[in-house]
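Topology and contacts: notes
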Amino acid sequence: MRLARVIVVVVLAALASVYVVAGAPIALAVFGVQVLYLLKLRKWWLLAAQAVLVYTVCVAGGVSTGILGFLAGSLLLSRAHRDTARVLAPLVVASAALIDAARGGATADATITVVLVSLVVFGLTRLVERAGEMHAARLSLAAAAVAAERLRLAAELNDGLGRSLEVIVEGGRRALAEPDGAAEVLASVTATARAALTDARAASANYRATSLAPELVTARAMLDAAGIAVEVHGSHTEPLGPGGALLASVLREAVTDVVRRGTARLCVIETSEQADRVRLRVVDDGHRTADGPGFDGLRLEEAGGTLTTGLSPTGRFVVEATLPRGPSSGAAPGGTGTGDARALRSPAGGRWRRPLPKLARDASYAMSVTVSVAVLAAVLVGFSAKALLQLPGPLVIPAAAFLAVIVVMQLRSVNGRHMVALGVMAALTYAPLPVFGPVWLGAAGFLAGPVLLAFPPWAAWPTAAAIVASVAAAGTLFGLPAPVLANSTISALVTGLVVYALLRLAQIVKELQAARESLARSAIVEERLRAARDLHDLLGHSLAAILLTCELARRLKCPRERIEEIVAMAEGARADLRSVSGEQRELSLAAELESARTVLSAAGIRVTVEPVELNLPAEVETVLGTVLREAVTNVLRHSEARHCAITMRADESGLRLRVRNDGVSSAGVHSGKTRRVSSGIGNLTTRLAALDGRLTSHADGDRFTLDACVPHRAPAPARI
């Protein structure tokens, strides 16, 4: 926004300098008033002062009537009494024509000049205002996008998982009401719980697939915990689309292999974009041969991607994967490659979320583009008309044809930089000079504007200065008087700055729109990642506990107590589902500890809990409660544990939660081998990082330890 205002101030100063050079230093005061208008200080007395200034310098000082364009432009910008101001603006233009006619000057030329100055003042100021409005509204657009995404998530999840939870609750209550048929009902409830758990995990993976960021966080945490130096250089833009899940799987496999080998000292992870493809590169110095991890189940080729592995000339092992950015029907990780990687079915038979929604461009953007193109076209036509008025009759038609080509080329510059068009404009600027004479010198201003956009600043500004200097040189060759020569040179400079300003402001508005869309889409991605974390950490845990209790109840002769637990847990899972859908929910660490004890005991695992009574902030309790949920879920899923110890320690540096279990088999973490990192570890790393905390894990024989540390100053123990 500061750049946009600077551009406009420079152009206004250049316009005012024309009249200062003509012998009217009071034009500086007119320029000052116009800057106040740019800063939205628009009072009736300021407009009156500007009117007094311009008419005084014009009538009494004999300055060109073009200076009245500042007043006409200010009237067009006035919001108070807008209808009256719009009537007065044409009257100012008419008064300029009358004053010039009374002087015996070129009335048509003077009228066009006033109109051009007023349009430049109005157009540039309005573009800056539109850009400011778009910049100010960027956060509200992101908030609206997140709110809409939450509604979509809620609708999807309630239609699928919500219905499954409702079936579980109703089934549990029916089993309590009809004990004789409890076995059959429990079988149905167990099947529903198993399907719901599968779908919750699939939906979580699906939401995560739009972003590679969680896997990058997880990879860094794994390598740090293994004592391996890591460098992450991410230069891709998100969302990634279906390819995100495949790239995440490649990264997960590559990093797991680096940690498992345990010989690397450095691992470098890079992401980049080339054309419409995303590239992931993982380099480490721990391999002695070209043997690397197996990626057979990923099938990147079926998704239009490539995957290469091997030793580089410097002896480092390189894993490189590329995938198309856009939608594809590639294979999901570990899948068959026959379906859409993101077309995961919900319990209701529908499909989970597809690509991110398109964000409609708002009226401010369309209005800004319209204003820019309209003002630029009017300015170009106006300057062209001024030149044509000075040519003899036989030369008007060819000159008009050349100018029409230049105008078209200029308007194309609004949507990009076209070097061919620039070459054509350069030819039409200098080639006709011998035929049209000094009148054609003004065409150089049309060339200077696009040149400032077509090249880097270090080359653009000297080139534009050379173009303006060529006007002075050509005018000298034509033998123009000094005042006329100065006027022609300054006019070329002003024309170039005006054209550049209009084109550059149009580009700034376009960049702002793209930035707003990027911010909104990033906010949607973040919302999906939040939903993925909550699906995995909260709802996934609840559904896993429900499934475990269902299976236990089916083996009991009198399962009434377990059925009551199933109903209670399903009701709690409904609250978890509301949390996934965006409703803020705080967890009680004490309640989570008791829940962990109950779930692990029900699975036949001996539990030792050593909590400390602390007055913890709500956000700390919620994060640690989530860590505990994930840890308990991992104990149940990835081990054959007989004992699990949950301890909490508080000291001056913070609070530490540790979950340690035995029964880790060779398929898990054992003998120096690390099982493939789960998305849950990445989720927890992200949650703890928000509190400046950290998560570490390590294996010792058949025992696995998960440590979460929150580095807040531990509060005093609560008194009971």
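Analysis parameters
- Residues numbered from 1 in each chain as written.
- Predicted model: local features only at pLDDT ≥ 70, side-chain atom pairs only at ≥ 80, totals over all residues.
- Heavy atoms only, no water.
- Helix = DSSP H or I, 4+ residues; strand = E, 2+ residues; numbered from the N terminus.
- Buried < 20%, exposed > 50% of the residue type's maximum accessible area, 1.4 Å probe, protein only.
- Areas by Shrake-Rupley, 256 points an atom, 1.4 Å probe, with all protein chains shown as cover.
- Pairing = 2+ DSSP bridges.
- Expected span 1.5 Å × (residues − 1).
- Axes fitted to C-alpha atoms, helices over the stretch in contact; angles between N-to-C directions.
- Contact = heavy atoms within 4.5 Å.
- 1 Å grid on protein atoms, 1.4 Å probe; cavity = no way out; pocket = protein on both sides within 12 Å on 5 of 7 lines; lining within 4 Å.
- Points joined across faces, edges and corners; volume = space filled by probe spheres on them.
- Nonpolar A, V, L, I, M, F, W, Y, C, P; charged D, E, K, R; others polar.
- Salt bridge = Lys/Arg side-chain N within 4 Å of Asp/Glu carboxyl O.
- Phe/Tyr/Trp six-rings, centres within 6.5 Å; stacked < 30°, edge-to-face > 60°.
- Parallel < 35°, antiparallel > 145°, perpendicular 65-115°, else oblique.
- Left-handed = near helix turned anticlockwise from the far one by under 90°.

1. Some words on the overall build of the chain
- Per the secondary structure count, the chain includes 21 helices and 10 strands.
- Put simply, the chain has 720 residues, and 51% of those count as buried.
- Surface exposure of the chain reaches about 31,600 Å², of which carbon and sulfur atoms provide 59%.

2. Description of the pairing of strand β9 (residues 694–700)
- Note: β9 against strand β10 (residues 703–710), seven bridges, orientation antiparallel. Pairing of Ala699 across the sheet is with Phe704, part of β10.
- A loop of two residues connects β9 with β10, the two strands running antiparallel in sequence, and Gly701 in this loop sits at a positive phi of about 70°.

3. Here's the deal with helix α9 (residues 213–225)
- A rise of 1.5 Å per residue sets the reference length of α9, with its 13 residues, at 18 Å; its end C-alpha atoms lie 18 Å apart and thus fit the reference within 8%.
- Listed in full, the buried residues belonging to α9 are Pro214, Glu215, Leu216, Thr218, Ala219, Ala221, Met222 and Leu223.
- After α9 finishes, the residue Gly227 shows a positive phi value of roughly 75°.

4. Section: the sheet that holds strand β5 (residues 317–324)
- The strand order across the open sheet formed by five strands is β1-β2-β3-β5-β4, and the pairing between neighbours is mixed. Each edge of the sheet is formed by a strand with only one pairing partner; in this case those strands are β1 (229–234) and β4 (306–311). Averaged over neighbouring strand pairs, the angle between their axes works out to 10° when direction is ignored.
- Strand direction decides the pairing type here: strand β2 (residues 266–274) and strand β3 (residues 277–284), joined by eight bridges, are antiparallel. In the strand pairing of β3, Ile269 is matched with Val282.
- α9 contacts β1 and β2 of the sheet and is inclined by roughly 165° relative to β1.

5. A short note on the layout of surface pockets
- Volume-wise, the largest pocket comes out at about 1,100 Å³.
- Every residue lining the largest pocket is counted, 41 residues in all, and those nearest its centre are Asp109, Lys386, Gln390, Asn487 and Ser491.
- By residue number, the principal contributor to the lining of the largest pocket is helix α17 (residues 482–554), which donates 10 residues.
- Within the lining of the largest pocket, the residues separate by chemical class into 26 nonpolar, 12 polar and three charged.

6. Observations regarding the sheet that holds strand β6 (residues 606–610)
- As summarised here, the arrangement of the five strands in space is β6-β7-β8-β10-β9, forming an open sheet in which the pairing is mixed. Every interior strand has two partners, whereas the edge strands, β6 and β9, have only one. Going across the sheet, the axis of each strand differs from the next one's by a mean of 10°, ignoring polarity.

7. Thoughts on the pattern of salt bridges
- On inspection of all chains with the given rule, the structure shows 16 salt bridges.
- Where Arg574 meets Glu571, a salt bridge forms, and the shortest distance between an N and an O atom there is 3.5 Å. Here Glu571 and Arg574 lie together in helix α18 (residues 560–580), a separation of three residues that amounts to about one turn.
- Here Arg658 makes a salt bridge to Asp707, at a shortest N to O gap of 2.8 Å. Taken together, the positions of Arg658 in strand β8 (residues 654–661) and Asp707 in strand β10 put the pair 49 residues apart, joining distant regions of the chain.
- Connected through shared salt-bridge partners, Arg173, Glu571 and Arg574 make up one network.

8. Some remarks on the pairing of β10
- The buried fraction of β10 is high, at seven of eight residues.
- In this sheet, β10 lies alongside β8 in antiparallel orientation, the contact comprising seven bridges. Following the sheet pairing, Arg656 is matched in β10 by Cys709.

9. So, the packing of aromatic side chains
- For the coordinates displayed, the defined rule picks out four aromatic pairs.
- Note on Phe402 and Phe436: the rings are 6.1 Å apart at their centroids and 65° apart in plane angle, and the pair reads as edge-to-face. Of this pair, Phe402 sits in helix α12 (residues 393–412) while Phe436 sits in helix α14 (residues 433–436), and the two are 34 residues apart along the sequence.
- Phe402 sits in the partly exposed class, given a relative accessible area of 30%.
- A centroid spacing of 6.0 Å and a plane angle of 70° characterise the contact between Trp461 and Tyr500, whose relative ring orientation is edge-to-face.

10. Things to note about unusual backbone geometry
- Of note in the backbone geometry, Asp692 takes a positive phi value of approximately 60° without being a glycine.
- The class of Asp692 is exposed, set by a relative accessible area of 64%.

11. Focus on the packing of α12 against helix α13 (residues 419–430)
- Where α12 contacts α13, the two axes come as close as 10 Å, and the packing angle between them is 150°. In terms of orientation, α12 lies roughly antiparallel with respect to α13. As for the relative orientation of α12 and α13, their crossing is left-handed in sense. Contacts between α12 and α13 involve Phe402, Val405, Ile406, Met409, Gln410 and Arg412 from the former and Ala421, Val424, Met425 and Leu428 from the latter.
- Looking at the contact of α12 with α13 residue by residue, the class counts come to eight nonpolar, one polar and one charged.

12. Looking at the packing of helix α3 (residues 44–60) against helix α4 (residues 68–77)
- As a packed pair, α3 and α4 sit with axes 9 Å apart at the nearest point and diverge in direction by 160°. Considering their axes alone, α3 and α4 lie roughly antiparallel with respect to each other. The two elements α3 and α4 meet at a crossing, and its hand is left-handed. Each of Leu47, Gln50, Ala51, Val54, Tyr55 and Cys58 in α3 lies in contact with α4, whose residues at this interface are Leu68, Phe70, Leu71, Ser74 and Leu75.
- Here the residues of the contact of α3 with α4 sort into nine nonpolar, two polar and no charged.

13. Re the side chain of Asp257
- In this fold, Asp257 is placed in helix α10 (residues 243–261).
- A residue is classified by how much of its surface remains accessible, and Asp257, at 5% relative accessible area, is buried.
- Excluding residues within four positions of it along the chain, Asp257 makes contact with His287 and Pro293.

Functional significance is not addressed by these values, which are geometric in nature.
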